[in-house]
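# Notes for the structure review
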Amino acid sequence: MWGGRFETSPDGILTRINGSIGFDRRLFAQDIAGSKAHAAMLAACGIIGAEDGVAIQQGLETIEVEIREDRFPFDETLEDIHMNIEGRLADLIGEAAGRLHTARSRNDQVATDFRLYMREAADALNGQCAAFQNTLLTLAESHTETVMPGMTHLQVAQPITFAHHLLAYVEMIARDRSRFNDARRRMNECPLGSAALAGTSYPIDRNMTAEALGFDRPCANSLDAVSDRDFVMEMLACASITAVHLSRLAEEMVLWMSPHFGFIQLSEAHTTGSSIMPQKRNPDAAELVRAKTGRIVGALNTLLVVMKALPLAYSKDMQEDKEPAFDALDSLSLCLAAMTAMTGAMTANRDAMVSAAGQAFATATDLADWLTRVAGLPFRKAHHVAGALVALAEKRNVDLSDLSLDDMCSVEPRITAEVYSVLTPEASVTSRTSYGGTAPDNVRAAISVWRRRLEEEGH
């Protein structure tokens with residue numbers, strides 16, 4: 001492709017380090033779509049003849065079929081997917097193939113291909129996130145009154161419902177979806193026609209190609225269009241945050257499945273055994289979701305480092321954007337599929353959850369609230385009294401509700417028998433009626449809101 005300037009062929013080691021066909025071949029559909037749009041524009045603008053335009057279109061269609069049917073003769077010496085397709089086009093239609101590259105460069109070509117790919121990835125991941133939300137909602141619907149311990153610092157804090165806990169992840173994934181949507185909107189500008197970096201002297205119609213490829217508009221600056229990969233970095237940032245959310249739930253699944261918690265059971269289809277310990281059932285899928293988050297976050301860091309010191313415009317360093325991006329988005333897609341499957345088949349142990357919810361004086365805050373609301377103590381005083389009663393119960397190795405009224409009045413004379421009505425996990429949960437709280441009625445309403453939203457969005 002650059003033979004006019006060079007008298008010798010590339011060294012073998014250059015071919016190996018410079019070539020990208022081993023991984024960028026997955027961009028074939030985007031490359032062909034971009035080439036078809038470009039050829040149609042060139043013909044419409046009179047830059048190439050109509051006959052050549054038709055031949056190019058037909059040749060590209062033949063190539064797409066060959067690739068999809070695994071009959072395409074990929075050639076590593078042709079370096080990348082762009083030159084492989086153009087080389088095959090020359091085999092099919094002859095000299096007309098050489099006119100396809102008029103008024104474009106591989107710089108704007110690959111930038112266009114990659115934006116198309118990332119746009120499709122954003123849509124696909126958005127759909128997977130919505131499917132995961134639906135699965136979480138289905139599980140939550142069965143557990144609006146299942147009481148479990150809410151934790152801070154991995155210590156029992158206050159009782160909540162299992163459904164409320166699951167809805168926290170529904171909200172997190174909703175923000176993940178909004179980030180993918182935002183990234184998609186920002187990337188939806190077309191680099192095609194920017195050529196190498198300065199634009200082109202040919203009378204092209206960049207709006208035509210942008211519209212044909214579903215972009216909102218052409219990129220406004222040709223230099224920027226070919227020299228930045230912020231749209232990839234943003235997608236990887238979105239993917240990293242989503243992966244972190246999945247990893248947190250995966251970590252909880254690992255903990256909850258252990259006999260120390262015993263809160264859930266994962267299906268046999270999503271766990272493994274041991275080669276030596278016959279009793280084991282291991283949450284390997286959840287553990288791998290947790291681990292794959294590292295490679296997703298690592299891909300973002302890789303690209304940030306690649307781009308951090310590149311002068312404008314294009315440098316071959318930017319070829320290193322694809323492998324980490326492909327790997328990260330593939331990994332996230334797999335993690336979403338795994339989490340959706342595991343959650344859909346997960347069962348909860350209600351007895352273990354409610355038993356744990358009543359441990360470690362989880363209703364101490366309810367006691368303090370009662371002292372403020374009913375007995376009239378300032379909250380700081382109520383907090384101190386509740387703490388003293390916890391210390392007394394701990395000393396006697398009993399729960400708060402097991403202290404006698406005389407014991408309680410010895411610490412605070414204004415306490416009455418009514419206080420016992422707030423000292424059960426069920427009463428605690430029912431009382432949390434503030435907006436966004438864990439009360440079962442709140443949770444049921446939130447589930448209905450999310451069902452309606454997802455249905456309106458087509459999910």
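Each remark here, short or long, concerns the structure printed above.
Residues numbered from 1 in each chain as written. Predicted model: local features only at pLDDT ≥ 70, side-chain atom pairs only at ≥ 80, totals over all residues. Heavy atoms only, no water.

Let's shift gears to the overall build of the protein. Scanning the protein from N- to C-terminus turns up 18 helices and six strands. Its C-alpha atoms give the protein a radius of gyration of 30 Å, more than 25% over the compact-globule value 23 Å for 459 residues. The principal-axis extents of the C-alpha atoms in the protein amount to approximately 100 × 55 × 40 Å. Put simply, the protein has 459 residues, and 47% of those count as buried. Long-range pairs, those at least 24 residues apart, make up 75% of the contacts in the protein between residues at least 6 apart in sequence. Surface accessibility of the protein: about 21,700 Å² in total, with carbon and sulfur atoms responsible for 52%. (Helix = DSSP H or I, 4+ residues; strand = E, 2+ residues; numbered from the N terminus. Rg over C-alpha atoms; globule rule 2.2 N^0.38 Å. Buried < 20%, exposed > 50% of the residue type's maximum accessible area, 1.4 Å probe, protein only. Contact = heavy atoms within 4.5 Å. Areas by Shrake-Rupley, 256 points an atom, 1.4 Å probe, with all protein chains shown as cover.)

What follows is about unusual backbone geometry. In this model, Leu 312 is joined to Ala 313 through a cis peptide bond whose omega is 10°. Its place among the elements puts Ala 313 in the loop between α11 (284-307) and α12 (322-345). Phi angles above zero are rare outside glycine, and Phe 361 is one such case at about 55°. Within the secondary structure layout, Phe 361 lies in the loop between α13 (350-357) and α14 (364-373).

Bridge count for strand β1 (residues 147-152) against strand β2 (residues 155-161) is six bridges, and the pairing is antiparallel. Bridging across to β2, Val 147 finds its partner in Thr 161. The hairpin formed by β1 and β2 contains two residues between the paired strands, and His 153 there has a positive phi angle of roughly 60°. (Pairing = 2+ DSSP bridges.)

With that out of the way, let us pick up the state of the cysteines. For the coordinates displayed, the defined rule picks out zero disulfides. Cys 190 takes part in no disulfide bond, and the closest cysteine sulfur to it belongs to Cys 219, at a distance of 6.7 Å. Exposure remark for Cys 190: the relative accessible area of 0% places this residue in the buried category. (Disulfide = S-S within 2.5 Å.)

What follows deals with the pattern of salt bridges. Enumeration according to the criterion identifies 28 salt bridges in this entry. Among the ionic pairs, Arg 88 bridges to Glu 66, the shortest N-O distance being 2.7 Å. Within this pair, whereas Arg 88 is found in helix α5 (residues 81-93), its partner Glu 66 is found in helix α4 (residues 50-68), the two being separated by 22 residues in sequence. For the pair formed by Arg 88 and Glu 66, the shared burial category is buried. In this structure, Arg 290 and Glu 251 form a salt bridge, with 2.4 Å as the shortest nitrogen-oxygen distance. One end of the pair, Arg 290, is in helix α11; the other, Glu 251, is in helix α10 (residues 230-257), with 39 residues separating them in the sequence. Take Glu 251: its relative accessible area is 30%, and that puts it in the partly exposed class. Here the residues in one salt-bridge network are Glu 79, Asp 80, Arg 106 and Lys 316, joined through shared partners. (Salt bridge = Lys/Arg side-chain N within 4 Å of Asp/Glu carboxyl O.)

Attention shifts here to α13. Every buried residue of α13 is accounted for by Met 353, Ala 356 and Ala 357. Buried residues of α13 fall within an arc of 105° about the axis and therefore sit on the same side. Turning to α13, the residues buried within the fold contact β1, β2, α7 (162-187), β5 (264-265), β6 (347-348) and α17 (425-431). Two or three places before Asp 351, at the start of α13, stands the capping residue Asn 349, its side-chain oxygen 3.3 Å from that residue's backbone nitrogen. (Arc of directions from axis to C-beta. Polar contact = N/O pair within 3.5 Å; in protein donor to acceptor, adjacent residues only side chain to side chain.)

Another point: the packing of helix α3 (residues 28-44) against α5. How two helices pack is summed up by the angle between their axes together with the distance between the axes. It is at 10 Å that the axes of α3 and α5 come closest, and there the two elements cross at 60°. In terms of orientation, α3 lies oblique with respect to α5. For the pair α3 and α5, the crossing hand works out as right-handed. Where α3 approaches α5, its residues Phe 28, Asp 31 and Ile 32 are matched on the opposing element by Ile 81, His 82 and Ile 85. Looking at the contact of α3 with α5 residue by residue, the class counts come to four nonpolar, one polar and one charged. (Axes fitted to C-alpha atoms, helices over the stretch in contact; angles between N-to-C directions. Parallel < 35°, antiparallel > 145°, perpendicular 65-115°, else oblique. Left-handed = near helix turned anticlockwise from the far one by under 90°. Nonpolar A, V, L, I, M, F, W, Y, C, P; charged D, E, K, R; others polar.)

This part is about the side chain of Asn 126. Tracing the backbone shows Asn 126 in helix α6 (residues 106-141). Only 2.8 Å separates the side chain of Asn 126 from the side chain of Asn 181, close enough to count as a polar contact. In this structure Asn 126 touches Arg 177 and Asn 181, once residues within four positions along its chain are discounted.

Let us now look at the side chain of Arg 119. Its place among the elements puts Arg 119 in helix α6. Reaching out from Arg 119, the side chain makes a polar contact with the backbone oxygen of Leu 213 at a distance of 2.7 Å. Beyond its immediate chain neighbours, meaning those up to four positions away, Arg 119 contacts Arg 184, Met 187, Asn 188, Leu 213, Gly 214 and Phe 215.

Another point: the packing of α6 against α12. At a minimum axis separation of 9 Å, α6 and α12 run at an interaxial angle of 15°. Taken together, the axes of α6 and α12 lie roughly parallel to each other. The interaxial crossing formed by α6 with α12 has left-handed handedness. Per-class residue counts for the contact of α6 with α12 are 18 nonpolar, six polar and two charged.

Moving on, we come to the environment of Asn 188. Residue placement: Asn 188 occurs in the loop between α7 and β3 (189-190). Residue Asn 188 is classed as buried on the basis of its relative accessible area of 3%. Between the C-alpha atoms of Asn 188 and Asn 282, which are 94 residues apart in sequence, the distance is 43 Å. For Asn 188, the residues in contact, after removing those within four places along its chain, are Arg 119, Gly 214, Phe 215, Asp 216 and Arg 217.

Turning our eyes to something else, we now look at the packing of aromatic side chains. In this structure the tally under the stated criterion is seven aromatic pairs. Pairing Phe 114 with Phe 326 gives two aromatic rings, centres 5.9 Å apart and planes at 75°, and the pair type is edge-to-face. Linking Phe 114 in helix α6 with Phe 326 in helix α12, this pair joins segments that are 212 residues apart in sequence. Judged by its relative accessible area of 3%, Phe 326 is buried. Arranged with centres 5.3 Å apart and planes meeting at 90°, the rings of Phe 261 and Phe 263 form a pair that is edge-to-face. Relative accessible area serves as the criterion here: at 2%, Phe 263 is assigned to the buried category. Directly above the aromatic system of Phe 74 lies the positively charged group of Arg 25, at a separation of 4.1 Å from the ring centroid. (Phe/Tyr/Trp six-rings, centres within 6.5 Å; stacked < 30°, edge-to-face > 60°. Lys NZ or Arg CZ within 6 Å of the ring centre and 35° of its normal.)

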